[in-house]
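# Chains, contacts and geometry: an overview
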Amino acid sequence: MHVPQPDDNSQRPYDEVINLIVDYAYDYEVKSEAAWARSKMALIDSFGVAIESLVKSKECESLIKPLLPGATNVAGGFRLPGTSYSLDVLQGAFNMGAMIRYLDHNDAFPGAEWGHPSDNLGAILVTADVLTRDALARGKPEEAITMKQVLIGLIKTYEIQGVFQIKNAFNRVGLDHTILVKIASTAMVSWMMGLSREQARAAVSHAWVDGHPLRIFRQAPNAGPRKGWAAGDACMRAVHLATLARSGQPGIRTPLTATRWGFYQVLNKDQEFQLPRPFGTWAVENVIFKVLTAEGHGLTTVEATMAASKELQARGLDPLKDIKNIHVRTQEAAMIIINKKGPLHNPADRDHCLRYMMGVILLKNGVEVEAEDYQDDSPFATDPRVEALRSIISMEEDVQFTQDYHNPAIRSCGSSIEIFLKDGTTINVRQDFPLGHVVRDAETIPLVRKKAIHNLGLKFSQDEVTRIMETLEQPDFDTLPASKFMDLFQK
């Protein structure tokens, strides 16, 4: 008769991955001027897309309303931008994260995993705002969180998420990339709250233990609006876990490596994480800003379609009458995420369909696809001409595009389109790097600023937008209490 051996209950040290994350969060000094400059652009871009979501998406507007009657004005709560709401920290983190992410217009970071590092700002901004209001109310301005600390939180959450994304494909085991938002935000919220290093390790350990969301809500046939609020959910959980650790809840020492019960064996097919570079400031220096409104892996195809459409016009050709078919060559990630046929049921479905984007651009004569074009009330959502164009578009992986996408020396996001015309001629356009990529920063940064100003102007007056931008650019911005900056976004 087999007698099972008793479990070894001796205490282990924390998993090394947890130590690496917490030590970076608490010890690393940001010195890169490029990181500081790009972090400010990322910050204001995120505020802009949050306002854009609030104004342009009825789903988002409904989603961020207070949960209960009378919960619109929580004393000392988070001041949700673009509204008069003062919310408790958990709903505030959910709402801010959801608003930044909802229209898929915030920045993107490619790798073996795909993600959007600015998702983390839902947790960072809420924590900074609430802690600062409390410190100032107690007459303790020295305890206020400054905008420099907010930018540090931004830079480091981007880095934690970005370095994990290089080699660790959570999508291969069916998990959603917002797992990394939860991990990164938990670490930096712990730092901002002033938790001890031991408490921060405890909080991060619990973030790994959580049952992580499936990626299913981003993929056909189940793509839907949850992909717009999944980041808010991760931000809310990160703040909650940090508060639990602060209250004295102990950590779990080996959430990744434990035999039988740990993350690696249960959820990651026995694969340990690969971190191919040390944490620094690399991710924010290389994040892709979305100047165009498209899923990140479709940005180059969108640009190529815009260029091809202009050539059609120059030749006096009609996309519906004169195109026989269109063939797209792109990277593997685009084939997995935005390669879709059949009915499109909601905005989240449409903004993750490359054929839909291309069809709309061709019908708009080369004008970019915009957030409004994906909504249920858009005329394109039910336009049979869009469906006619979708039906003649084929897609194929180009192995070289995929290799260049993963090559750390290139990190392109390339694609090409070939339009076959009924007269026997073709139009070919190739685009390797999207607008928003660091190699195109000379073009990108002025456009990101312009995008932010435009989006903020959807809700605020010209004078209010000018004041926001001037505050962002003032020499003493770093020392500004976080709540003072948040006050600029109140309605």
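Rules and cut-offs
Residues numbered from 1 in each chain as written. Predicted model: local features only at pLDDT ≥ 70, side-chain atom pairs only at ≥ 80, totals over all residues. Heavy atoms only, no water. Helix = DSSP H or I, 4+ residues; strand = E, 2+ residues; numbered from the N terminus. Rg over C-alpha atoms; globule rule 2.2 N^0.38 Å. Buried < 20%, exposed > 50% of the residue type's maximum accessible area, 1.4 Å probe, protein only. Contact = heavy atoms within 4.5 Å. Lys, Arg positive; Asp, Glu negative; His and termini not counted. Charge placed at Lys NZ, Arg CZ, Asp CG, Glu CD. Phe/Tyr/Trp six-rings, centres within 6.5 Å; stacked < 30°, edge-to-face > 60°. Lys NZ or Arg CZ within 6 Å of the ring centre and 35° of its normal. Axes fitted to C-alpha atoms, helices over the stretch in contact; angles between N-to-C directions. Parallel < 35°, antiparallel > 145°, perpendicular 65-115°, else oblique. Left-handed = near helix turned anticlockwise from the far one by under 90°. Nonpolar A, V, L, I, M, F, W, Y, C, P; charged D, E, K, R; others polar. Expected span 1.5 Å × (residues − 1). Pairing = 2+ DSSP bridges. Salt bridge = Lys/Arg side-chain N within 4 Å of Asp/Glu carboxyl O.

### Quick look at the overall build of the chain
- Regarding its fold elements, the chain presents 21 helices and six strands.
- At 23 Å, the chain has a C-alpha radius of gyration in line with the 23 Å of a compact globule built from 491 residues.
- By residue count, 58% of the 491 residues in the chain fall in the buried class.
- Sequence separation of 24 or more characterises 78% of the internal contacts of the chain that already satisfy a separation of 6 or more.
- The positive charge centre, built from 53 side chains, and the negative charge centre, built from 61, are 2 Å apart in the chain.

### What about the packing of aromatic side chains?
- Per the counting criterion, the structure on display carries 18 aromatic pairs.
- Ring geometry for Phe-164 against Trp-208: centres 5.8 Å apart, planes inclined by 50 degrees, an arrangement best described as tilted. In this pair, Phe-164 is assigned in helix α6 (residues 147–167) and Trp-208 in helix α8 (residues 197–209), connecting sequence segments 44 residues apart. Both residues of the pair, Phe-164 and Trp-208, belong to the buried class.
- Arranged with centres 5.7 Å apart and planes meeting at 55 degrees, the rings of Phe-170 and Phe-273 form a pair that is tilted. Of the two residues, Phe-170 is situated in the loop between α6 and α7 (178–193) and Phe-273 in the loop between α10 (263–267) and α11 (282–286); the sequence distance between them amounts to 103 residues.
- Classification of Phe-170 by relative accessible area gives buried; the value is 1%.
- For Phe-273, a relative accessible area of 11% gives the class buried.
- Above the ring of Tyr-24, the side-chain terminus of Lys-156 is found at 5.4 Å from the ring centroid.
- A cation over a ring is seen here: Lys-156 above Trp-191, with NZ or CZ 5.9 Å from the ring centre.

### Notes on the packing of α6 against α7
- Relative to each other, α6 and α7 sit at 150 degrees, their axes nearing to 9 Å. One element, α6, and the other, α7, form an angle in the roughly antiparallel class. Between α6 and α7 lies a crossing of right-handed hand. Mapping the contact onto sequence places Gln-149, Val-150, Ile-152, Gly-153, Lys-156, Thr-157, Ile-160, Gln-161, Phe-164 and Gln-165 in α6 and Leu-180, Val-181, Ala-184, Ser-185, Ala-187, Met-188, Trp-191 and Met-192 in α7.
- Residues belonging to the contact of α6 with α7 are distributed by class as follows: eleven nonpolar, six polar and one charged.

### Some remarks on helix α5 (residues 121–137)
- The first and last C-alpha atoms of α5 sit 24 Å apart over 17 residues, in line with the 24 Å expected at 1.5 Å per residue.
- Along α5, 13 of the 17 residues are buried, which leaves the element largely enclosed by surrounding structure.
- Looking one or two residues past α5, Gly-139 carries a phi angle of roughly 70 degrees, positive in sign.

### What to know about unusual backbone geometry
- A cis amide bond links Ala-220 with the next residue in sequence, Pro-221, at an omega value of 5 degrees.
- The backbone of Arg-260 sits at a positive phi, close to 75 degrees, despite the residue not being glycine.
- Within the secondary structure, Arg-260 sits in the loop between α9 (226–246) and α10.
- Despite not being glycine, Arg-411 shows a phi value in the positive range, around 50 degrees.
- Relative to the helices and strands, Arg-411 is located in the loop between α18 (399–406) and β5 (415–421).
- With relative accessibility at 9%, the residue Arg-411 sits in the buried group.

### Here's the deal with the pairing of strand β3 (residues 323–330)
- Taken together, the seven bridges between β3 and β5 define a ladder with antiparallel strand orientation. Bridged to Val-328 within β5 is Ile-417.

### Topic: the sheet that holds strand β4 (residues 393–397)
- Taken together, the four strands give an open sheet; going across it, the order is β4-β3-β5-β6, and neighbouring strands pair in mixed fashion. Both outer strands of the open sheet, β4 and β6 (426–431), are each paired with one neighbouring strand and no more. Put simply, the sheet's adjacent strands are angled 15 degrees from each other on average, direction ignored.

### Considering the side chain of Asp-404
- If you trace the backbone, Asp-404 turns up in helix α18.
- For the buried Asp-404, no salt bridge exists, and the shortest N-O distance to an oppositely charged side chain is 4.9 Å, to Arg-430.
- Not counting residues up to four positions away in its chain, the partners in contact with Asp-404 are Ile-410, Arg-411 and Ser-412.

### Some thoughts on α6
- Helix length check: α6 (21 residues) gives 32 Å between terminal C-alpha atoms against 30 Å at 1.5 Å per residue, within 8%.
- Counting buried positions over the 21 residues of α6 gives 18, a clear majority of the element.

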